[in-house]
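# Structural characterization, general
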Amino acid sequence: MLDSALLIYRDLIDQSPDDERAWLEQRCEGDGELLEAVSSMLEPSHDDDSLVPAADQMLGITPDGPTPAVSMEGLELGRLLGRGGSGDVYEARQLQPDRQVAVKLLRSGLTSPRLKSRFEQEAQVLASLTHPAIATIHRTGTATHPSGAEVPYIVMELIRGESITSRAAELDASDRLQLLASVARGVQAAHQSGIIHRDLKPGNILVDPELGPKILDFGIARLLDDAQGSVHTATGEVLGTLTYMSPEQIDPRLGRLDTRGDVYSLGVLMYELLVGEPAVLHLDRSPFDIASTIIKGELPKLDTRGLGLHTDADAVYRKATATDPERRYASAAAFADDLDRLAEGRPVTAQAPTTYYLLRTFARRNPLLVGMVASVFVAVSLFGTLAAIGFVSASRERDAAIEARAETSRERDAAIEARARLESSYEFLRSMLASADPEIDGPNVRVVDLLDRWSRTIDDGSIGDPAVQVDLHRTVGWTYASLSLHEKALSHFETGRAMAAALSSPNELLLANLDTDTANSLVHVGESPRAVELARGVVERVVAEDRETTATRVAALIALGEAQRLAGTAREAIETLREAVELSEADLPAGDENTRSALSALGRSYLELSLAEDAVAIYEHLVDISKDAIGEQAPDTLRAMGNLGTALGYAGEFERSVELFESTIEPMAEVLGDEHYDVRTFRGNMVDVLVAVGRGEEALALAESVVATERRIGGEAHQDTVTALNNYAAVLMQLERYDEARSVTTDLVRLSNLAYGEDHPRAMIALRTHAAACELTGDEGESLRIQESLLVRQQQLLGPTEWDTLLTHNNLGFLLNKLGRGDEAVEHLRFVVEHTGPGSGYPAFLHAVINRTLAKCLVTAGQLDEAASVLAFSRSLDPDNEDHQQKCDAVQATIDGAR
């Protein structure tokens, strides 16, 4: 019976029939006992993450039974030590030479050629590896069971140690990191030998008190150059331990499995060693649930507060366990190096998000960049608008009409008339949407195609009521605007406005709303002065008396503030938008769309003046109230999250910024379309923070893509194209591709002048970016000429203490100091220091950098005592920033050397 059952079981494994049960019944030929015996072999019993076929129990090859009765030449098998992915490990005595060894014995060896092949590969793999952190193989062989079955085995170094997690619990955090670094270097040695482990987990890493960590169980390792790399993986078979697998190991569609899969597993181990529990908990969770957690990248944050480690630890862990392999460490050695740096308190390559990081990375190799980065930073992030203004929804007038207090017959008639108009509008929209015919329009008919077709019917005479026509023009205009098609939206707003004014009894509130709608779209086609005029007119004639008039006034204030910001008067915009927020929060329901729009616009104006902390606070509040009011996946909530991501980038919280962009942009693109204004804008804003987190090439590719999209949509000299070009130039400079950057900024200046006019603040930002490119390419004379001329114009047109003017002072001072004109440089830097200090609203880190630059200029000017005093003050402004302190050390050395 046993021999027959084993034979059938082996054939079943080898043939893997589609209908396993039917195949078994046919093979057993009605023998119920035989069928039951074979079936029992197919029912796994769970022991950790391994499955033990019943065939092993029949052969006595199981940890639950006695030592297997197998004969192995020159070996005496002892107690079971542990279980691996493909076999059990026993302590044994080797007779020649006389020593204690470990023997790994394959389970189910006689039944599965696939397991045999994998086991033999492990022997080949281990024999090729030589590293202190990898267990040494002595020899291989084949044991014989009394039944005649042959069972492959491996004789290897006996490691008398404990699991890495047990050992880590006895160490402080720094020692745990260095222990894992040793493991990572062993993994790197395997990778350099062309081998991926694929099952790195605590059970496969033992720590010997004298020899250190040892990596075991290469049973499912894969040769990197194995052209038949999938030969050991049957359809649907996943090799490895689920909770330590990388996303691409779980689902091959996510990417090719390479050495970075092992890096991911090491990152998961890092969390477990530091926190004391697995990153992916598996108790009471289905494998599907666990796999979903990993694929979605929903790993827990590494809380370093109780570990005595810098917050860089979370950045290292996040980089190692990035869902996208391209974002992980390129090698296990790179990960090990960062672990050592972290343990020793040195800066890591997976830099944690700090407000100073952009300045540090941008000025890494050329100190002159320190004086320029602020201008490039502002140009990149402030040059473009952030998100479209939320349009007042079509339901406002409906709600007002239905909720109107019908105390008089006239009011009742008005309410009935409003409902009738609403029903007519709804009928139009229903007909429009119902007209989509895949056979005529194709399977992917778009809303915009239906809009184009049906919008022409509004005025064809089929709708007899002019008031309904006005409603429809406004609704269609909103829809075009929400799709970022503002030229088409303007056509409908203006037509609707003209028709509303011609009604026998013009509704002044409706006219005001149409003017506001028009101003909103004018902002997006580059006509900010006209938008200011229209919106200001609405504000002047609408007084907040009730909910409806309050909503109209708030909407007009928002449109006015946005137009003022884009016209270059951000401080005016802030005052206007503060009034909008205060009025809306006082008189409108919590989470009202007008309140949300006002907060969004106010945050943008704060960013225009680089008041990042104020903007972050605004957008965090906006995200919270948006989630409560309209839900987490609503387009306006996604906009708020994207704007928060932009503000965090300004504030230097780059990793958090990137996470928000990555979780926001694609869902928004699915809802609004890939070329929607908001989607394009947030992609442009993401460029800068990608550079800040070390993903420069990715940032450059994204910047190029955004430029191409904006050119196609708006044309060469459109404001959005200019914004995208400015971002592109800044990335090129940050990647030290200076000649290419200068070529781009030459075009940028020309196109900015066409888009805005030479005296517009944004055209001046483009000119300052070009000056930076000139200096970086060695043309310091041209850079000096541009900056001196620019400063005069900014002082006249913007004012002496506006942010853009201060930045030019700063950059000019830095350049003059480089040219040895220290006295002149000092005057510029003193002015900037005076206007960026406490109470100015600018962040302390920026004030620290400017003071440090002033100290350098004072050294050039020979004013050493004051230089030392200013430098000490600079240190005190950012005491925990190691990079800043090191740069201060360099300035101090210069002072000491000059004395």
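Structure's up top.
Here goes a summary of the coordinates provided. Given the structure is predicted, the values throughout are model-derived calculations rather than measurements. Within each chain, residue numbers correspond to sequence positions counted from 1 in written order. Only residues with pLDDT of at least 70 are given local features in this predicted model, and only at 80 or more are side-chain atom pairs given and counted; all residues enter the totals for whole chains, interfaces and linings. Calculated side-chain values reflect all of the structure's heavy atoms, with hydrogen atoms and water omitted.

### Re the overall build of the protein chain
Within the protein chain, the regular secondary structure consists of 39 helices and 12 strands. The accessible surface values rely on the Shrake-Rupley method and a 1.4 Å probe; as for residues, cover is taken only from the protein chains in view. Just so you have it, the protein chain exposes about 37600 Å², and 49% of that area is on carbon and sulfur atoms. Numbering of helices and strands runs from the N terminus, with a helix taken as a DSSP run of H or I at least four residues long and a strand as a DSSP run of E at least two residues long.

### Overview of the pattern of salt bridges
Within this document, salt bridges are pairs made up of a side-chain nitrogen of Lys or Arg and a carboxyl oxygen of Asp or Glu, the two lying within 4 Å of each other. Under the defined criterion, the tally for this structure stands at 50 salt bridges. Between Arg-260 and Asp-258 there is a salt bridge; the shortest N-O distance is 2.8 Å.

### Details of helix H28 (residues 654-672)
The terminal C-alpha atoms of H28 lie 26 Å apart, and with 19 residues this matches the ideal 27 Å at 1.5 Å per residue to within 8%. Among the residues of H28, those classed as buried are Phe-654, Glu-655, Ser-657, Val-658, Leu-660, Phe-661, Thr-664, Ile-665, Met-668, Ala-669 and Leu-672. A helix is expected to reach a length of 1.5 Å times the quantity of its residues less one. Under the scheme applied here, a residue whose accessible area is under 20% of the maximum for its type counts as buried, over 50% as exposed, and between as partly exposed, the area being computed with a 1.4 Å probe on protein chains only.

### Comments concerning unusual backbone geometry
For the bond from Gln-96 to Pro-97, the omega torsion is -10 degrees, close enough to zero to count as cis. With respect to the helices and strands, the residue Pro-97 is situated in the loop between strand S4 (87-94) and strand S5 (99-106). Positive phi values are uncommon outside glycine, yet Arg-198 reaches one of about 75 degrees. Residue placement: Arg-198 occurs in the loop between strand S9 (195-196) and strand S10 (205-208). Arg-198 sits in the buried class, given a relative accessible area of 9%. With a phi close to 65 degrees, Glu-736 is a non-glycine residue in the positive phi region.

### Let's talk about a negative patch on the surface
Together, Glu-29, Asp-31, Glu-33 and Glu-36 line one region of the surface with negative charge. Here Glu-36 is to be found in helix H3 (residues 32-41). When its relative accessible area of 60% is taken as the criterion, Glu-36 is described as exposed. Any residue with relative accessible area above 30% and no salt bridge may belong to a patch, with like charges joined within 9 Å and the nonpolar Val, Leu, Ile, Met, Phe, Trp and Tyr side chains within 5 Å. Charge convention: Lys and Arg are scored as positive, Asp and Glu as negative, and His as well as the terminal groups of each chain are ignored. Taken as the charge location is NZ of Lys, CZ of Arg, CG of Asp or CD of Glu.

### Description of the packing of aromatic side chains
The pairing test for Phe, Tyr and Trp rings, Trp by its six-membered ring, is centres within 6.5 Å, and the orientation test on the planes gives stacked under 30 degrees, edge-to-face over 60, and tilted for anything in between. Evaluation of the coordinates by the stated rule reveals three aromatic pairs. Summarising the aromatic geometry, the rings of Tyr-271 and Tyr-317 are spaced 5.4 Å apart at their centres and angled 35 degrees between planes, so their arrangement reads as tilted. Here the residue Tyr-271 occupies a position in helix H9 (residues 259-275), and Tyr-317 occupies one in helix H11 (residues 312-320), the gap between them amounting to 46 residues. Residue classification places Tyr-271 among the buried positions, given a relative accessible area of 6%. Note on geometry: a ring has a charge over it if NZ (lysine) or CZ (arginine) is within 6 Å of the ring centre and within 35 degrees of the ring normal. Over the face of the ring belonging to Tyr-329 we find Lys-319, whose NZ or CZ atom lies 4.8 Å from the ring centre.

### Description of the packing of helix H37 (residues 844-860) against helix H39 (residues 882-898)
Orientation of H37 relative to H39, taken along the N-to-C sense of each, is 15 degrees, at an axis distance of 10 Å. Comparing their axes, H39 and H37 come out roughly parallel. Judged by the sense of rotation from one axis to the other, the crossing of H37 with H39 is left-handed. Facing H37, whose interface residues are Ala-848, Arg-852, Ala-855, Lys-856 and Val-859, H39 presents His-884, Lys-887, Cys-888, Val-891, Thr-894 and Ile-895. Its residues assigned to classes, the contact of H37 with H39 comprises six nonpolar, two polar and three charged. Angles run from 0 to 180 degrees between N-to-C directions of axes, and those axes are lines fitted to C-alpha atoms, restricted for helices to the stretch in contact. Oblique is the label for any angle not under 35 degrees, not over 145, and not in the 65 to 115 range, which are roughly parallel, roughly antiparallel and roughly perpendicular in turn. Crossing handedness is read from the near helix: turned anticlockwise from the far helix by less than a right angle, it gives a left-handed crossing, and turned clockwise, a right-handed one. The contact rule is simple, with two residues in contact once any of their heavy atoms fall within 4.5 Å. Following the grouping adopted for this structure description, the nonpolar residues are Ala, Val, Leu, Ile, Met, Phe, Trp, Tyr, Cys and Pro, the charged ones are Asp, Glu, Lys and Arg, and the polar ones are all others, Gly among them.

### Looking at the pairing of S10
For a regular strand, side-chain orientation follows a simple rule: the groups alternate between the two sheet faces. Taking every second residue as pointing to the same face, both faces of S10 are buried, with Ile-205 and Val-207 on one and Leu-206 and Asp-208 on the other. Here, any two strands with at least 2 DSSP bridges between them count as paired. Pairing analysis gives two bridges linking strand S8 (residues 162-163) to S10, with the strands arranged antiparallel. Residue pairing across strands places Glu-162 opposite Val-207, the latter belonging to S10. Alignment of S10 against strand S11 (residues 212-215), held across four bridges, turns out to be antiparallel. By the bridge assignment for S11, Leu-206 is matched with Lys-214.

Bear in mind that shape data such as this cannot, by itself, settle questions of function.
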